[in-house]
Amino acid sequence: MQTVRNFMNTALTWRFIAGFMASMLLFAVVKITGVNIGENVMALIFLLYILILILERKDNFSALAFGAITAITAIVVMYIASLSFQSINEVRQWDFLCFFIWGKLGVSGLNFYEPGNLAAVFSTLEIPVRIGDDFQATIDAGFLYPPMTMLFMAPLGLMNIQTAVVIWKIFVLIFLVADIWLLVSIFRTHDRKDINLVLVLLLVLLIPATYSTILFSQTNFLLLFFLLLSLKYITSWKSGIFLAFAVMVKPIAAIWCLYLLIARKWGAVLSLAVTGIIMALIAGFVFGFDNFLSYFLTPPTSNLPEWVYTERINQSMFAVIARFVEHNNLDFSFSNISWTVLAVSVILIVMTALASYRISAKNEGL
């Protein structure tokens, strides 16, 4: 209630109203000229930066800047909401269709990691969207994640595709809201809670990855949700439980397990291991333990074509080096690139571990 009162007290001042109306008028002019907000995110970020600098000044202009920032936030929220609503029942091959097909594979009772099984399931589906030739690589590879991740995907297989896409997109947006709530509760961008809420909301929605995650219906918001909970309870054994769920969503989250080891959070390490074992047993009983053997004996990544590891959308270290090698016609094999990436990764991990250990002694959140 105090946050609402503080906001209302500021919002009723002429400086706040002037800043708010000026930003709305600027947006109207931009809209009339046909400029797309989504194509000018960096300009908005630059304007936001200037306004925040003004906001930090301890004079009468702070309410003016806050009004302008609130107007920009309202515009961005409406823009994101409009895009989400317009595409709520749109089926796209990337990434929702992958999740849906994997869900159908999960409830089929077949082995996830036999490419022929995924192709057989896919052939029985009526897909209301044109499938590109590059999508075949996903079909040929089979399920790309560990068996435990199928616990998130399988429920989609119990629905038809039109119902599944709506529910999945609502699911994605719910976790976006949950992430913003956690970010507001964990981080402080300003002493005043109402200003803190507006700034966090705007910063999250201006990140280009937020838009692409909504557009492609990806799992990044779910991953962030568990990572934020792990951070919020970093001093407790509960942190390990949330980190285990993060690893289930995307195995790349396993890199954060190193912090628990470096900081000797043995309670969190134990809860991480126990949660992982429990979820693995649940997945084994639900989907069969043969999937675990197949995942390690014939990993799905071995079925992916080489171009997947070098395509432009892939921003991994391996992809960047591989594209550099290819562009400059260097005599460097995939094997040599792998060893280079491994060596650089080890160096970065060691440096990060040492820095993390020293910084955590001063501020565990950092």
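Just above sits the structure.
In short, a report on the structure. Just so it is clear, the structure is predicted and the values come from calculations on it, not from any experiment. (Residues numbered from 1 in each chain as written. Predicted model: local features only at pLDDT ≥ 70, side-chain atom pairs only at ≥ 80, totals over all residues. Heavy atoms only, no water.)

**What to know about the overall build of the protein**
Tallying secondary structure elements over the protein gives 18 helices and zero strands in all. C-alpha atoms of the protein, sized along the principal axes, occupy 65 × 50 × 50 Å. Considering the protein as a whole, with its 366 residues, one finds that 40% of them fall into the buried category. Considering only intrachain contacts with a sequence separation of at least 6, the fraction spanning at least 24 residues in the protein is 71%. Accessible area of the protein: about 20,500 Å², with a carbon and sulfur share of 69%. Counting 21 positive and 19 negative side-chain charges, the protein places the centres of these two groups 17 Å from one another. (Helix = DSSP H or I, 4+ residues; strand = E, 2+ residues; numbered from the N terminus. Buried < 20%, exposed > 50% of the residue type's maximum accessible area, 1.4 Å probe, protein only. Contact = heavy atoms within 4.5 Å. Areas by Shrake-Rupley, 256 points an atom, 1.4 Å probe, with all protein chains shown as cover. Lys, Arg positive; Asp, Glu negative; His and termini not counted. Charge placed at Lys NZ, Arg CZ, Asp CG, Glu CD.)

**Points about the nonpolar core**
Core analysis: the biggest nonpolar cluster contains 81 residues, and Phe-96, Trp-102, Phe-143 and Met-150 have the highest contact counts within it. Take this core: its biggest share by element is 12 residues, from helix α9 (residues 161–186). In this structure, Phe-318, Ala-322, Val-325 and Val-341 belong to the second largest nonpolar core, which totals five residues. (Core = buried A, V, L, I, M, F, W, Y, C linked by side-chain atoms within 4.5 Å.)

**Comments concerning the environment of Ile-69**
Considering the arrangement of structural elements, one finds Ile-69 in helix α4 (residues 61–86). The spatial distance from the C-alpha of Ile-69 to the C-alpha of Arg-130 is 41 Å, given a sequence separation of 61 residues.

**Here's the deal with the pattern of salt bridges**
Considering all chains together, one arrives at two salt bridges under this definition. A salt bridge links Glu-90 to Arg-92; its shortest N-O distance comes to 3.6 Å. Between Asp-194 and Arg-192 there is a salt bridge, with the nearest N and O atoms lying 2.6 Å from each other. Taking relative accessible area as the criterion, Asp-194 reaches 3% and is therefore assigned buried. (Salt bridge = Lys/Arg side-chain N within 4 Å of Asp/Glu carboxyl O.)

**Quick word on unusual backbone geometry**
Trp-94 connects to Asp-95 through a cis peptide bond whose omega is 0°. Mapped onto the elements, Asp-95 comes out in helix α5 (residues 93–108). The residue Arg-264 is not glycine, and still its phi comes out positive at about 55°. When you line up the elements, Arg-264 lands in the loop between α14 (257–262) and α15 (266–287). Residue Arg-264 is classed as exposed on the basis of its relative accessible area, which comes to 52%.

**Points about the layout of surface pockets**
In this model, the largest pocket occupies a volume close to 2,200 Å³. Lining of the largest pocket is provided by 41 residues; of these, Tyr-145, Lys-250, Ile-252, Asn-314 and Ser-316 occupy positions nearest its centre. Residue assignment for the lining of the largest pocket shows that the elements contributing at least two residues are α5, α7 (136–141), α11 (208–216), α12 (220–232), α17 (317–327) and α18 (334–360). In this model, the second largest pocket occupies a volume close to 610 Å³. Secondary-structure elements contributing two or more residues to the lining of the second largest pocket are α12, α14 and α18. For the lining of the second largest pocket, the element with the most residues is α18, which contributes six residues. Split into classes, the residues belonging to the lining of the second largest pocket amount to 18 nonpolar, five polar and one charged. (1 Å grid on protein atoms, 1.4 Å probe; cavity = no way out; pocket = protein on both sides within 12 Å on 5 of 7 lines; lining within 4 Å. Points joined across faces, edges and corners; volume = space filled by probe spheres on them. Nonpolar A, V, L, I, M, F, W, Y, C, P; charged D, E, K, R; others polar.)

**A closer look at helix α16 (residues 290–297)**
Turning to α16, its buried residues number three or more, namely Asn-291, Phe-292, Ser-294 and Tyr-295. Seen from one end, α16 has its buried residues packed into an arc of 165°, which puts them on one side. The outward face of α16, more than 90 degrees from its buried face, is lined by the exposed residues Asp-290, Leu-293, Phe-296 and Leu-297. Looking at the buried side of α16, the elements it contacts are α15. (Arc of directions from axis to C-beta.)

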